[in-house]
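# Summary of the model geometry
Residues per chain are reported as follows:
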Amino acid sequence: MRIALFATCLADALFPESAASTVRLLERLGHEVVFPPKQTCCGQMHVNTGYQAEALPLVRHHVEAFESGPSWDVAVAPSGSCVGSVRHQHAMIARRYGDDSLATRAEDVASRTYELSELLVDVLGVTDVGAYYPHRVTYHPTCHSLRMLRVADKPLQLLRAVRGMTLIELPAAESCCGFGGTFALKNSETSTAMLADKMGNVLSTGAEVCSAGDSSCLMHIGGGLSRLRSGVRTVHLAEILASTEKIGSPA
Amino acid sequence: MTTFLGSPTFHPGTGNIRGTESFPDAARKALTDTQLRANLGAATTTIRNKRIAAVAEVDDWEELRRAGSALKADVMSRLPELLVQFEENVTARGGTVHWARDADEANRIVTDLVRATGSDEVVKVKSMATQETGLNEHLEENGIAAIETDLAELIVQLGEDKPSHILVPAIHRNRAEIREIFLNAMPGVDPDITDDPRALAMAARAHLRRKFLSARVAVSGANFGVAETGTLAVVESEGNGRMCLTLPDTLITLMGIEKLIPKFTDLEVFMQLLPRSSTAERMNPYTSMWTGVHPADGPQNFHVILLDNGRTNVLADEVGRSALHCIRCSACLNVCPVYERAGGHAYGSVYPGPIGAILSPQLTGTTGHDDPNASLPFASTLCGACFDACPVRIDIPSILVHLRAEQVDSERHGLPGGQDLAMKAAGFVMGSEKRFAAAETASKVGRLLGGRKGRITSLPYPGSKWTGSRDLPTPPKETFRQWWSRTHEDGEK
Ligand code: SF4
């Protein structure tokens, strides 16, 4: 299958390993990955902060980026929240500003755009991707993957098949880590209180690694764990799935 | 009497639906109260888990939610006609209907009705509508004592406190605190009373019984009003409400105009949705319904006041309108991670939590970003737990996003603030892959900030809002885009 990667702005600029791992994993599974070069950002931060007028050009840019460039069958992003934005916000924004044809085009792109675990399990039909990751791992499901995309236990199905790994259940896994984009700044104290509880739960598992399918949530949880000098690392789901015995785990 | 629906003028709601400080400021204070956080955390966790179990027992829960949502959407689409039908049916059965544009008008109507009876005391069923209008305080100013009969509400009233939760107003109090409150404020209480829950409940019971037997006027809210029959329904747990609804001569019910349902049989849907969502019970212990006046049975004078207080403004907004579908079960509060940490008082209004964050600013309208209610739609991470819990499927996250846009758009005429400039700049950079790639290269300064630690631990304002409690990773040596062209040079472009 020809799979277009939507790297997302955050992964491109700050967490390239999650996007690169997605590419390595899909290529290892025998697929061709293409990177529509015009892509930038889905505009979620703008929409969720109330700047819908500013989000409109970003929606248009995203749709054009994926319509132009190399042809592709399905698109994938290593981020539940960015896929959620593409799927649930793009057409809505286009319609709000009266651009129905853009809305239709956005719907077409969205209907073929998947979050990584959805792509693997639902579209490609694999749960065992042949990964090897000899670590103790706990998994935070992230709100947008869970409730906007309804990925359910797909990430866990994938993780359970990873060899060498001990998967430890995270207590209160479904509660929000307190990131919420600009919420983390506007309501910094409440966000920090939520983070403290999430970190407490992560530490209670005794895991070495906290994983998730969203770099943004991992940035939040990882930022807190790093401040605590906890030694627990945050690692994107894609990086775990891309690891094999030969490559080993990313440092 | 004519209805005021469809009136083109904006008439904002008044009363206890706007706080004095912004959510972040109020929350900051609440967060330092560790006892409050412990009480809230324990209570919401317990009820959250119970609700999940109670809901799981019902096979057709999703269909019920859809039915509830559809019924409410139908009500909103023809509210004027249903209100007139309701008024006709209440009147035909011997009741009197009054219309109140806002909280002040509603309070005045109640006061006049109580005065006309010659009584200076009323017993009250727990009611959000009278909390909203601040009726108790208004009655007190007019020399009329209002006695709350719901136990938790009584605790709040005697403690001269404000409710912190729709369903469990005293959720933030533990039993030692309640004993203190009773000792200080309950007349005739045994000075040696312990903090045993039973002892506390018996003291409240003795106190309330005296009031039930002497009171000649009762004031209630309503969970539902049936347009087809003019029937009103109150759903409660303790039976104190039923005492109020049956013993006094005069019953005055204050009800928001959105509480209507079209037919009596529609109660079937809501009576399945409400108790399980609210108290996690299969059925609540007391459901009282009354239709008009019946000779020698129950109150002989019966009044309904239909309260607008900003609701027609909400109705005018196609996206925001479904906030009026709310049946006040409080499930969204109990699952909300923000409510759990910040508590109900941080929301300023009598409607806290996720529903309050969308309802209060719509009821009052907002007057710019300094308005405390303008901060409410931003008091959420958009985690979506509220939508999943809501028995009538109110898409609270989407309405939050919608209200945020309204807030930002309403202030576009003024000078742009820091956030406006940041969002515009980010939009400009992200609007082009070339500019974005250039900005990524420029962000290499971040590598300097991070130094050799590999993480950034301190940034100037507003970045300090992040680094106050969290590190940031330094930007990587190579962006993804650069990695891609290095590793996929021959790849199709
Ligand atoms: S918004 Fe929904 S969940 Fe929240 S109180 Fe109202 S009905 Fe209940």
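Residues numbered from 1 in each chain as written. Chains lettered and ligands numbered in written order. Predicted model: local features only at pLDDT ≥ 70, side-chain atom pairs only at ≥ 80, totals over all residues. Heavy atoms only, no water.

Under the annotation held in an unreviewed UniProt entry, chain B carries the name Putative iron-sulfur protein and is attributed to Rhodococcus opacus.

With an unreviewed UniProt entry as reference, chain A is termed Cysteine-rich domain-containing protein, source organism Rhodococcus opacus.

### Brief notes about the packing of helix α2 (residues 16–28) of chain A against helix α8 (residues 116–123) of chain A
Residues and elements named next belong to chain A. In plain terms, the rule: Whenever a helix is involved, its axis is fitted only over the stretch in contact; in every case the axis is a line through C-alpha atoms, and angles between N-to-C directions fall within 0 to 180 degrees. Here a strand is any run of E in DSSP of at least two residues, a helix any run of H or I of at least four, and the numbering for each starts at the N terminus. Note on terminology: angles under 35 degrees are roughly parallel, angles over 145 are roughly antiparallel, angles of 65 to 115 are roughly perpendicular, and the others are oblique. Less than a right angle of anticlockwise turn of the near helix away from the far helix marks a crossing as left-handed, whereas a clockwise turn marks it as right-handed. For this analysis, residues touch if any pair of their heavy atoms sits within 4.5 Å. Note that Gly is not counted as nonpolar here; it falls among the polar residues with everything else outside the nonpolar set of Ala, Val, Leu, Ile, Met, Phe, Trp, Tyr, Cys and Pro and the charged set of Asp, Glu, Lys and Arg.
Axis separation between α2 and α8 bottoms out at 12 Å; the angle between their running directions is 15 degrees. With respect to each other, α2 and α8 are oriented roughly parallel. Every pair of crossing elements has a handedness; the one defined by α2 and α8 is left-handed. Counting all contacts with α2, which are made through Thr22, Leu25 and Leu26, the residues of α8 involved are Leu116, Leu119 and Leu120. Grouping the amino acids of the contact of α2 with α8 by side-chain chemistry returns five nonpolar, one polar and no charged.

### Some points on the packing of aromatic side chains
Any two aromatic rings considered together are summarised by their centre-to-centre distance and by the angle between their planes. Cut-off, in case you're wondering: Geometry of aromatic contacts follows a simple scheme: Phe, Tyr and Trp rings, the Trp one being its six-membered ring, pair when their centres are within 6.5 Å, and the pair is stacked under 30 degrees between planes, edge-to-face over 60, tilted otherwise. Working definition: with a 1.4 Å probe on protein chains only, accessible area under 20% of the residue-type maximum means buried, over 50% means exposed, and in between means partly exposed. To sit over a ring, a charge needs its Lys NZ or Arg CZ within 6 Å of the ring centre and within 35 degrees of the ring normal.
By the definition in use, this model includes eleven aromatic pairs over all chains. Note on Trp290(B) and Phe302(B): the rings are 6.2 Å apart at their centroids and 75 degrees apart in plane angle, and the pair reads as edge-to-face. Placement of Trp290(B) in strand β9 (residues 286–291) and of Phe302(B) in strand β10 (residues 301–307) is noted, with a sequence separation of twelve residues between them. No difference in accessibility class separates Trp290(B) from Phe302(B), as the two residues are buried. By the ring-pair criterion, three or more aromatic residues cluster together here, those being Phe35(A), Phe480(B), Trp483(B) and Trp484(B). Over the face of the ring belonging to Trp72(A) we find Arg112(A), whose NZ or CZ atom lies 4.1 Å from the ring centre.

### As for unusual backbone geometry
At the junction of Tyr461(B) and Pro462(B), the peptide bond is cis and its omega measures out at 0 degrees in the coordinates. Even without being a glycine, Arg229(A) presents a positive backbone phi close to 55 degrees. Assignment of secondary structure puts Arg229(A) in the loop between α13 (215–227) and β8 (233–236). Given the relative accessible area of 59%, Arg229(A) is considered exposed. Even without being a glycine, Ser330(B) presents a positive backbone phi close to 75 degrees. Along the chain, the position of Ser330(B) falls in the loop between α13 (311–315) and α14 (331–335). The class for Ser330(B) is buried, based on a relative accessible area of 2%.

### Remarks on helix α1 (residues 23–31) of chain B
Basically, it comes down to this: Arc definition: it is the arc formed by the directions from the helix axis to the C-beta atoms.
Listed as buried for α1(B) are Phe23(B), Pro24(B), Ala26(B), Ala27(B), Ala30(B) and Leu31(B). Down the axis of α1(B), the buried side of the element spans an arc of 165 degrees, and every buried residue falls inside it. Residues of α1(B) that are buried sit in contact with α11 (183–186) and α12 (188–204) of chain A together with α2 (34–56) and α15 (337–342) of chain B.

### Details of the sheet that holds strand β3 (residues 74–77) of chain A
Residue and element names in this part refer to chain A. Applicable threshold: We call two strands paired when DSSP finds no fewer than two bridges between them.
Read across the sheet, four strands follow the order β2-β1-β3-β4 without closing on themselves; strand pairing throughout is parallel. Bordering the open sheet on either side are β2 (32–34) and β4 (113–115), each of which pairs with just one other strand. Ignoring strand direction, the axes of neighbouring strands in this sheet form an average angle of 35 degrees. Sheet analysis places β3 next to β4, joined by three bridges and oriented parallel. Across the sheet, the residue bridging to Val76 is Tyr114, located in β4. Taken strand by strand, helix α5 (residues 80–88) contacts β3 and β4, and its axis lies near 150 degrees from that of β4.

### Comments concerning empty space enclosed by the protein
Residue and element names in this part refer to chain B. The test is simple: We place a 1 Å grid over just the protein atoms. Points where a 1.4 Å probe fits but has no way out form a cavity, open points with protein on both sides within 12 Å along at least 5 of 7 lines form a pocket, and any residue with an atom within 4 Å of a point lines it. Grid points are joined across faces, edges and corners, and a volume is the space filled by probe spheres set on the points.
Evaluation of the coordinates by the stated rule reveals five cavities of 30 Å³ or more. Of the pockets and cavities examined, the largest cavity occupies roughly 140 Å³. Lining the largest cavity are 18 residues; nearest its centre among them are Cys336, Pro354, Ser380, Cys386 and Leu400. Those elements that place two or more of their residues in the lining of the largest cavity are α15, α16 (353–364), α17 (385–389) and α18 (396–410). By residue class, the composition of the lining of the largest cavity is 14 nonpolar, four polar and no charged. Put simply, the second largest cavity is a space of about 80 Å³. Around the second largest cavity sit 13 residues that line it, and Cys326, Cys329, Cys332, Ile355 and Cys390 are the ones nearest its centre. Tallied by class, residues from the lining of the second largest cavity come to eleven nonpolar, one polar and one charged.

### Comments concerning the domain arrangement of chain A
Residues and elements named next belong to chain A. Put simply, the rule is: Residue ranges for the domains trace back to a domain assignment, done automatically or taken from a database. Throughout, the accessible surface (probe 1.4 Å) given up by two parts as they are put together, summed over both, is called the buried area. One speaks of a salt bridge when a side-chain nitrogen belonging to Lys or Arg is within 4 Å of a carboxyl oxygen belonging to Asp or Glu. Pairs of N or O atoms are called polar contacts if they sit within 3.5 Å, as long as, within protein, a hydrogen donor faces a hydrogen acceptor (for residues adjacent in sequence, only side-chain-to-side-chain pairs).
What the domain assignment lists for chain A is domain 1 (2–123) and domain 2 (136–242). Computed from C-alpha coordinates alone, the two centres of domain 1 and domain 2 are separated by 22 Å. Contact with domain 1, which involves 27 residues of that partner, is made by 22 residues of domain 2. For the domain 1 and domain 2 pair, buried surface summed over both sides reaches about 2,000 Å², with 66% attributable to carbon and sulfur atoms. Considering only the surface of domain 1 that becomes buried against domain 2, Leu10, Ser117 and Val121 emerge as the three largest contributors, covering 18% of it. Across the contact surface, domain 1 and domain 2 share one salt bridge. Put simply, Lys154 and Asp122 hold a salt bridge, and the shortest N to O gap is 2.9 Å. At the boundary of domain 1 with domain 2, the tally comes to ten residue pairs in polar contact (both at pLDDT 80 or more). Taken together, the elements giving at least two residues each to the side of domain 1 that touches domain 2 come down to α2, α3 (44–49), α5 and α8. The residue makeup of the side of domain 1 that touches domain 2, split by class, is nine nonpolar, twelve polar and six charged.

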